[in-house]
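Here is how the chains run, residue by residue.
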Amino acid sequence: MPAGIPIPSIDTAVQTEEFFNGVPMSGLFPQEKPGWHGYVEWEDNPERKRLAAEVLKKKRFTPIPEFQFVPLPKTNPILVGYRWKEYHEALGLRSIVDASWATVLREKPGMIHLLDFPYNGETPRKELVSTKLTDNKWHFVRNHGGIPEIEEDAFELEIGGLVNKPIKLTMKDLKDPAKFPQAEVTVTLQCSGTRRIEQIQEYPGDGDELINAPWGEGAIGTAVYRGVPLKKVLKIACGGILPEAKHLEFIGADTYFKKGEAYNYAVSVPWRKVRQNEEVLLAWEMNGKPLPKIHGYPLRVVVTGYIGARSAKWVYRINALAEPSMGPVQSQEYLYYTSQIGKQNAKYSNGFFIQNMPVSSAIIFPLDKQTVVHDGHVELRGWAYSGGGNWVERVEVSPDGGHVWYSVDQDDMTEKHYHAWRLWKIKLPVDAEGWLEFCVRSWDSSNNTEPTFVRSAWNWDLHVTSSCHRIKVYSVNMSRPATNKRLREMLEKGGSFAPLTQPLQWALESKEEYLASVRKHPREPVD
């Protein structure tokens, strides 16, 4: 664990188990499946859900934190999920909280811990664009509950609903190439909250019960996933789906809460998406290695081109449905509203599902507000991505806020994939000094591009910040004689540009230089 990172947890002192109506919490909400730790079945137990709601209703919980109208803490973790932890503790599930954080420290110690529980971890900048494939230990994580620990030999996947033949499959079944054809797909997964901090800084929105995490540019990552296409499993194992089936629901083993009720994580995608063969994968491998626990071991769904929320982790049940899932993550969240929808009038029904991700991009280097000393050229690096099977064709960068654009050379972009990003770099000619605004936009294979300003992308739930990404940089051009002279002077006298706002410790020019200049060009007119 990196030095200086505190371990956030609720009180770990030994306590007497709580009872509710004379029954111990462990009996009301048991982790009852052998080899399945951190998992409670809610969807098949309406009475259990009713009792959980009754317990939660009698408790008082820490208010949802304000993090939009006040500066974010400079800590790591940045935000602490007190309320979510307290929900678990109230139901006797505190062990899930502590085990989940232990997994974070084991598998993701160097991340930007945006939210400690449920864990939201952002990739640091250097690791984000160092290679096309994101190393597993640096791939971002957006979890909605605790991290289940399920033994592979104890795992089974149930497939039911509107299928011709409901079935249960083990991991051994799924991994058997004699039963199911396997596939490898290079996929960029992106949280729809990527770059949310830009909306927050200008126009705050819904904080959400779970916390709409203030993501920067690092809620995105790319990996090669190996598994079996869901379409093949449905056809071979279930004999296909019934004609009335239009959606596939994925249920994960993590516990989720919404408005005082407990659920298992549940989302869905249309059958037409699954029908595209390798676009919905049941995956057990990530970059040539078994899925990390934090990424859904032993089995997760990977939905190409869609928001990351549809790629359910720890998936243990799939249902064929006539309509989209009624799970709250599907029906009540990840909705896109118009700019006139907000706290005063938002409903679940007046926003639309966010599914395919739009084209978007980001400048990763240099940093916003960075001082850049250069020779007339400034190098920028970043990523560009488009969902829905589109690929990025062109990336353009502007040094003047969006008036003049320079196209990134194809040789300075990583190769194209149907379902993955392209990393890019460019050296821009920059003569001007002082504060400059750089911005980036990309164009995809369907000729889609990005809104110019973040105001055009704002929505109440602060999703899909797909506007041109902008940074402000203080330009110091060494190719200018006066600037070159000042830099040499600073080197001789031990001065530095950092911090930019710190004044120099010596006179900016001699008295003789000053008088020679103002006498040659007087400050006042002669007559």
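Criteria and thresholds
Sequence positions are assigned chain by chain, starting from 1 and proceeding in written order. Per-residue local features are limited, in this predicted model, to residues with pLDDT of at least 70; the limit for side-chain atom pairs, both in listing and counting, is 80 or more; totals at the level of whole chains, interfaces and linings are taken over all residues. Calculation of side-chain values draws on the structure's entire complement of heavy atoms; hydrogens and water are dropped beforehand. Strands qualify as paired when DSSP identifies two bridges or more between them. Note on conventions: DSSP H or I runs of at least 4 residues are helices, E runs of at least 2 residues are strands, and numbering of each starts at the N terminus. Side-chain rings of Phe, Tyr and Trp, where Trp is taken by its six-membered ring, are said to pair if the distance between their centres is within 6.5 Å; with planes under 30 degrees apart they count as stacked, over 60 as edge-to-face, and otherwise as tilted. The buried label applies to any residue whose accessible area, calculated with a 1.4 Å probe on protein chains only, is under 20% of its type's maximum; exposed applies above 50%, and partly exposed to all values in between. Only when the NZ atom of a Lys or the CZ atom of an Arg is both within 6 Å of the ring centre and within 35 degrees of the ring normal do we say a charge sits over the ring.

1. Focus on the sheet that holds strand β24 (residues 406–407)
Item 1. Strand order in this open sheet of 5 strands is β21-β27-β26-β23-β24, and the pairing throughout is mixed. Each edge of the open sheet is held by one strand with a lone partner, namely β21 (370–374) and β24.
Item 2. Here strand β23 (residues 392–398) runs beside strand β26 (residues 434–444); their pairing, made up of 6 bridges, is antiparallel. The residue of β26 that forms the bridge with serine 398 is cysteine 439.

2. So, the packing of aromatic side chains
Item 1. This model, assessed by the stated rule, comprises 15 aromatic pairs.
Item 2. Where tryptophan 84 meets phenylalanine 257, the ring centres are 5.7 Å apart and the plane angle is 85°; that geometry is what we call edge-to-face. Residue tryptophan 84 is found in helix α3 (residues 82–90), and its partner phenylalanine 257 is found in strand β12 (residues 247–258); the two are separated by 173 residues along the sequence.
Item 3. Using a relative accessible area of 1% as the deciding quantity, one classes phenylalanine 257 as buried.
Item 4. With 5.0 Å between their ring centres and 50° between their planes, tyrosine 87 and phenylalanine 257 make a pair best called tilted. Linking tyrosine 87 in helix α3 with phenylalanine 257 in strand β12, this pair joins segments that are 170 residues apart in sequence. The pair formed by tyrosine 87 and phenylalanine 257 is uniform in burial state, with each residue classed as buried.
Item 5. Here the aromatic cluster, defined as three or more aromatic residues joined through ring pairs, consists of Phe61, Trp84, Tyr87, Tyr256 and Phe257.
Item 6. A cation over an aromatic ring shows up here: lysine 33 above the ring of tryptophan 36, its NZ or CZ 4.0 Å from the ring centre.
Item 7. Sitting over the face of the ring of tyrosine 203, arginine 455 holds its NZ or CZ atom 4.7 Å from the ring centroid.

3. As for unusual backbone geometry
Item 1. The step from tyrosine 297 to proline 298 runs through a cis peptide bond, and the omega angle for that step is 10°.
Item 2. Relative to the assigned elements, proline 298 resides in the loop between β15 (289–290) and β16 (300–303).
Item 3. A positive phi angle, close to 95°, is found at isoleucine 211, a residue other than glycine.
Item 4. Considering the arrangement of structural elements, one finds isoleucine 211 in the loop between α7 (196–202) and β11 (220–229).
Item 5. On the basis of relative accessible area, isoleucine 211 is assigned to the buried category, the value being 5%.
Item 6. Notably, asparagine 447 is not glycine yet its phi reads approximately 70°, a positive angle.
Item 7. Note that asparagine 447 resides in the loop between β26 and α11 (454–457).

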